[in-house]
4 protein chains.
Amino acid sequence: MGMIGGGPGSFIGSIHRTAALMDGEIELVCGAFSSSAEKSKLTGEQLYLEKERVYGSFEEMIHTERSLPDEKRMDFVSIVTPNHVHFEPAKLTLQNGFHVVMDKPMTFDLREAKELIKIVEETGKYLCLTHTYSGYPMIKEARQQVKSGNFGRIRKVFVVYPQGWLSSYLEGSDQKQASWRTDPSKSGIAGAMGDIGTHAFNLAEYITGLQVIKICADINIVVEGRKLDDDGAVLLKFDNNASGVLIASQVLTGEENDLTIKVYGETGGLEWKHSDPNSLLIKYPDKPVEIWRAGTGYLSPFAKHNTRTPSGHPEGFIEAFANHYRNFALCVRAQLTGETPKEEWLDFPGVEEGIRGMAFIENVIASGKATEKWVDFKV
Amino acid sequence: MGMIGGGPGSFIGSIHRTAALMDGEIELVCGAFSSSAEKSKLTGEQLYLEKERVYGSFEEMIHTERSLPDEKRMDFVSIVTPNHVHFEPAKLTLQNGFHVVMDKPMTFDLREAKELIKIVEETGKYLCLTHTYSGYPMIKEARQQVKSGNFGRIRKVFVVYPQGWLSSYLEGSDQKQASWRTDPSKSGIAGAMGDIGTHAFNLAEYITGLQVIKICADINIVVEGRKLDDDGAVLLKFDNNASGVLIASQVLTGEENDLTIKVYGETGGLEWKHSDPNSLLIKYPDKPVEIWRAGTGYLSPFAKHNTRTPSGHPEGFIEAFANHYRNFALCVRAQLTGETPKEEWLDFPGVEEGIRGMAFIENVIASGKATEKWVDFKV
Amino acid sequence: MGMIGGGPGSFIGSIHRTAALMDGEIELVCGAFSSSAEKSKLTGEQLYLEKERVYGSFEEMIHTERSLPDEKRMDFVSIVTPNHVHFEPAKLTLQNGFHVVMDKPMTFDLREAKELIKIVEETGKYLCLTHTYSGYPMIKEARQQVKSGNFGRIRKVFVVYPQGWLSSYLEGSDQKQASWRTDPSKSGIAGAMGDIGTHAFNLAEYITGLQVIKICADINIVVEGRKLDDDGAVLLKFDNNASGVLIASQVLTGEENDLTIKVYGETGGLEWKHSDPNSLLIKYPDKPVEIWRAGTGYLSPFAKHNTRTPSGHPEGFIEAFANHYRNFALCVRAQLTGETPKEEWLDFPGVEEGIRGMAFIENVIASGKATEKWVDFKV
Amino acid sequence: MGMIGGGPGSFIGSIHRTAALMDGEIELVCGAFSSSAEKSKLTGEQLYLEKERVYGSFEEMIHTERSLPDEKRMDFVSIVTPNHVHFEPAKLTLQNGFHVVMDKPMTFDLREAKELIKIVEETGKYLCLTHTYSGYPMIKEARQQVKSGNFGRIRKVFVVYPQGWLSSYLEGSDQKQASWRTDPSKSGIAGAMGDIGTHAFNLAEYITGLQVIKICADINIVVEGRKLDDDGAVLLKFDNNASGVLIASQVLTGEENDLTIKVYGETGGLEWKHSDPNSLLIKYPDKPVEIWRAGTGYLSPFAKHNTRTPSGHPEGFIEAFANHYRNFALCVRAQLTGETPKEEWLDFPGVEEGIRGMAFIENVIASGKATEKWVDFKV
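Considerations on the pairing of strand S11 (residues 269-273) of chain D
Residue and element names in this part refer to chain D.
Argument step 1. With four of five residues buried, S11 is to be regarded as a mostly interior element.
Argument step 2. As consecutive antiparallel partners, strand S10 (residues 260-265) and S11 are separated by three residues.
Argument step 3. Bridge count between S11 and strand S12 (residues 279-283): three bridges; the pairing is antiparallel. Residue pairing for S12: Leu270 is matched across the bridge by Ile282.
Argument step 4. Remark: five residues form the turn of the hairpin made by S11 and S12, two consecutive strands paired antiparallel.

Okay, here's the thing in structure tokens:
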């Protein structure tokens, strides 16, 4: 694996590396960690990379690596830059024959996303979009239970992504995370909705297997001086006539990151909270609530495949992240060996989810400005 | 106390009686428990009432009791009938010189509510509307903390009232609770929004001290054949520019009654859940979350006044209910003795809250039908 | 009902009254609330009693009430005094033809307890000992599940009663609760073990239906200057060869009153915590943990009989207390009417539990002083 | 890093590898994964090792690696075999100039442990003993808070390690984990007490900084036919006169692995549960309970150093494990570079903890057989 971005001060770059490494399936062999060659070099040293494979630009990395012999050359690229530097490196990577892992939201805007899907289709390479939360085993289980019909027709979906770290004007200091996320030239047209709203949206569609077809959004800039939304609530209609609510906010003072989803069908419901990620509550009308737990023997193959420890040994955010990397790597390896990838391996978010996410951003911002209640969700 | 309603099969009538009795301040002396004289008699016997004070109609009760000597006559009336039998008995009661406790929503429609407030003002009697949840000590504490400025300006309010008991067509059987609640001729224009949405709305305004000024509602009938809404989500704007979301649904399969409210201000936030009513979470941006607990020494006088047990000895729904009764009774007694009621005693929901609740019902149903996003909240 | 004790400053007296009154089955008609006639009078006034039925001593109350006509006379006496004033009033009450409710521990020592059981047997009157915790509906459910064989043979029992209110030398101030509880002349030979250890012991035997046959106790006085134990841990052996641990301490700084019990059998286990009294966790080796909830339709008749509200409407400490009063009252009434009491009504703690509790105190203090590990539990 | 053990069917071997790899500080370069050369080879292939560095025995590995050039040779060995194969490989490793990471309990018996500490002292190499739980950031925080005097003198310590996976006769099947753990020739004299009791014991001493000086143990074989203890409870006395209880059992049907510790001092207390490892409850007598959270800014440097993600992004068992590996690696590297290791790096469990753990096993089994209550804790 080669990495683009993830230099000094990056939070997500280090998460990506840890997640990629932990299962022993992936090795970090090169990187263009910063647009500053010096910073890139510094990070490369800290990561014990060979000097000559620490590059000053992603273009240099892709072109140089391409020319290396098969057994040495990187197999794929991990892109962990801010949103405005997603599309170009992804395009170049794919077109030079490498697979791609990249952070969400997939691109700067929907137009880029539509172009990217074409490139993926043309090149036949894998693209993994790190919507972390669908990597959790109990989220896999949730999806399988909905799919199995355990809850009947789904009627209601509530998904809430609460953060508080932007409840003051943090971008006024030079906090790196806050700065680019609140800057329209780097983030795109959305702030909180792009950063965390897309996760919530993805989770709702992933678990239910449904698609949102109409929305009604209340989008706010709560902190004075901020340039992008930091708060919003969205009423949802799904393609099976279910309705829902999506809340994503970064100004909920005192909240950490407790993404929560509740889904209700005719005959039962489920609840999952990021603060207790190894549990999944299953609810019935006339029976006790059940606490399904990661690592147990009674789970679906999808949940089991994405677990490393026995029940009672908590896995967390990095492992969820690592599940996407491992499944992606298993598919990449299968492509190399000609093996048919298992259904469980293919279950990582890709370019389709990326398109839906970018459409969510555009639709939700448009609906936020609209005066009519319901706006069709257009892709 | 005399009671109107609360005959065989009534859930809330028995709660009212238990709540009224438990503190030894109130005695049940008479009742018109049912429109059927026979059923009324049966209930009266089970309650060990004197036979001659079990009445066949509320009119009979009010007129007869009025003629009794001071020391024997009831002091107030508790009205626990379905919504369409709220206004007439309340009016007659007040106009005959008795105070009133009554269940919510206050009346059948907003017009009646406006008439009732005039009668209350004219007669100078107390009216207590049993919005149970504001009777919980930790809700009192929540209100006091917002009031004290502990959280700065309030920015966000989320209130969710989830129930699942109507997730099937229960009114098809002859379940008494389901039948009248889903019948427009008894409930009024709203189902879930009237039954539990009003509680959620009241709680949000009570804790924050703010008033809703605009709403955008998604109101649904989820269960086929039902005549009134059983599910809804409402975007809110408050008079200080805060925004919020209110969710009330009776089709969330597997949910019991876990009314939850979260309020966030500039410098902190709070969270309360009905499933753990003796705790109040207080959240700060840069300090550990605190679990404030009922019965402790560090609470406000309002919380302390509404507690009977030391910390760690859970009080529940009936005690919250009883707090309204006790505070109401203390005020009634103070009026009799000429004492000035304490601020803590006066802190029970009354006719103003009743008007707001009825306005909520009318506005939310109207917004549910509207095609524009935001609808002004009119009273 | 007449009351002995429960005057100014009493915590438990007021709990007893509230619990007795709330179901409308019991009326407080007289009392000897304090050994000071003046204080008794004061309390009587606050409780709206007839002046002539507020007595200056329990002897006066019992003798006077005995001479009243049937329809006026109290039916039973509630004794809520400190431990050293339990036996004499109970004896006099029973011997004068009244039933008794009394607080635990039953007597000052085991000798008195053995005398009392004889008097109960001779007089044929009911004696209810208010071990509150077995009044909770989910504790009833727990017992029924063990009884039904759901968990196979019981192997392990852990019961922990943690309090922190005596973690400093509170009896140095004139705090009434602390003073008598730490005074051997009023409490007897045990402090924490008598006050709360007996509750834990009773709960363990009640739920499992087993009897402790051997113990090994570590009994401590943690706070300097204190005269009675404020902390202890006890290893247990039961008559079916199960083992267990009982912990009771009043010096666990920061703890409130979160009595917790866990029971494990061959094929499953259960867990109940006083901080969430309306839930009962049921655990299996190969299935999800289940959360059984008070007020639901799937519970045993014993649990249902002891609930007043639908699921999701929390009942608490006072209701658990009230369950004992109500069941006792139903039995007393049945005796008056010649009806056969139902099994559910008879399920309140009585003199047998009182004997076991007093034996626990004596055995545990003896074992605390012993140098050998296991001491036979003698009654 | 080279690995001894961890071949097919090993649970802990794979945990060790994942933990070692995830931070990019350690590379797996060789291994003797099984006493069967064939199985070792199989595992080596799955781990993408160079064929010539997959060895058929630990002796072969150590001797061969020793002869490799500096830049190629492994730096340390990770020993993840059953207990009876701990001492010999550790001894050989150390004496050949390599550092050691090894699983707990450290050796087969106390005698070996005492020999090992001498070898460590003689060779000057690092030995890291993977008592996982002290690797959790909130356990680091707990220790620092006790150390800082936040709770005053510690009075009580409760530590409970509940598992249920051996509640039936699992060793009757050929489940690899169950087989060796219940076999005295592989595990040593203790079953549950060695496997998980040592973790609980280590955690209690680590957090409090105290040492156990007396114990009174109830040690049981609950499942018929089992050869080693599967259940026990131990009363504890510490060197500052605090007392405590340690419970470790593998027959608590339905329990997973929820190791829990509660510590109480004069002025406060703490609580940590493995099921919610990123929270630490801090309790005070007269203030709300506080929930301290991993990843926040207000924690001690020790907690912060052992965290990879911002608050609200849960880390788990593997990360706790990895913390020991990373700190060990930082120390090893510092020794290579001549740097002085930081206090935070040195904070991993070593041979001293190993000795205490082995002494715990011998003392607790002896006390279990004793007839006197208190037995001195001898090392």
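Here the narrative resumes.
Describing the relation of the copies chain A and chain B
Argument step 1. Note on the identical chains: chain A maps onto chain B by a rotation of 180° and an axial translation of 0.0 Å, with an RMSD of 0.0 Å. Between the two chains, the operation in question is that of a two-fold axis.

Considering the pairing of S12 of chain D
Remember that side chains alternate between the two faces of the sheet whenever the strand is regular.
Residues and elements named next belong to chain D.
Argument step 1. Of all five residues making up S12, four are buried, and the element is well covered by its neighbours.
Argument step 2. Looking at chain direction, S12 and strand S13 (residues 289-293) are connected through four bridges and run antiparallel. Residue pairing for S13: Ile282 is matched across the bridge by Glu290.

A short note on the packing of aromatic side chains
Argument step 1. Enumeration according to the criterion identifies 56 aromatic pairs over all chains in this entry.
Argument step 2. With 5.2 Å between their ring centres and 90° between their planes, Trp292 of chain C and Tyr298 of chain C make a pair best called edge-to-face.
Argument step 3. Feature note: the residues Phe76, Tyr126, Tyr133, Tyr136, Tyr161, Trp272, Phe317, Phe321, Tyr325, Phe328 and Phe348 of chain A constitute an aromatic cluster, connected by ring pairs.
Argument step 4. Here Arg143 of chain C stacks its cationic end above the ring of Tyr206 of chain C, 4.6 Å away from the centre of that ring.
Argument step 5. Over the ring of Tyr284 of chain D we find Lys287 of chain D; its NZ or CZ atom is 4.2 Å from the centre of that ring.

Overview of the relation of the copies chain D and chain C
Argument step 1. Relative to chain C, chain D is turned by 180° and slid 0.0 Å along the rotation axis, the superposed coordinates differing by an RMSD of 0.0 Å.
Argument step 2. Comparing interface residues between copies, 100% of those in chain D also sit at the interface in chain C, which points to an isologous, same-surface contact.

Description of the sheet that holds strand S4 (residues 99-102) of chain B
Through backbone hydrogen bonds, the strands of a sheet pair up, either in parallel or in antiparallel fashion.
All names here are of chain B.
Argument step 1. With respect to topology, five strands assemble into an open sheet ordered S2-S1-S3-S4-S5, the strand pairing being parallel. Two strands close off the open sheet at either side, each with one partner strand: strand S2 (30-32) and strand S5 (127-129). On average, adjacent strands in this sheet sit at an angle of 15° to one another, irrespective of strand direction.

Comments concerning the interface of chain D and chain C
When the parts of a complex come together, some accessible area is lost, and that lost area is often taken as the interface size.
Argument step 1. In this assembly, 39 residues from chain D lie in contact with 39 residues from chain C.
Argument step 2. Approximately 2900 Å² of surface area, both sides summed, lies buried where chain D meets chain C, with 54% of it carried by carbon and sulfur atoms.
Argument step 3. Considering only the surface of chain D that becomes buried against chain C, Arg155, Thr253 and Lys373 of chain D emerge as the three largest contributors, covering 22% of it.
Argument step 4. Where chain D packs against chain C, one counts six salt bridges.
Argument step 5. One salt bridge connects Lys156 of chain C with Asp231 of chain D, and the closest N-O pair in it is separated by 2.9 Å.
Argument step 6. Viewed at the interface, chain C and chain D are joined by 25 residue pairs in polar contact (both at pLDDT 80 or more).

What counts, and where the lines are drawn
Residues numbered from 1 in each chain as written. Chains lettered and ligands numbered in written order. Predicted model: local features only at pLDDT ≥ 70, side-chain atom pairs only at ≥ 80, totals over all residues. Heavy atoms only, no water. Buried < 20%, exposed > 50% of the residue type's maximum accessible area, 1.4 Å probe, protein only. Helix = DSSP H or I, 4+ residues; strand = E, 2+ residues; numbered from the N terminus. Pairing = 2+ DSSP bridges. Least-squares fit on C-alpha atoms with pLDDT ≥ 70 in both. Phe/Tyr/Trp six-rings, centres within 6.5 Å; stacked < 30°, edge-to-face > 60°. Lys NZ or Arg CZ within 6 Å of the ring centre and 35° of its normal. Contact = heavy atoms within 4.5 Å. Axes fitted to C-alpha atoms, helices over the stretch in contact; angles between N-to-C directions. Buried area = accessible area lost by both parts, 1.4 Å probe. Salt bridge = Lys/Arg side-chain N within 4 Å of Asp/Glu carboxyl O. Polar contact = N/O pair within 3.5 Å; in protein donor to acceptor, adjacent residues only side chain to side chain.

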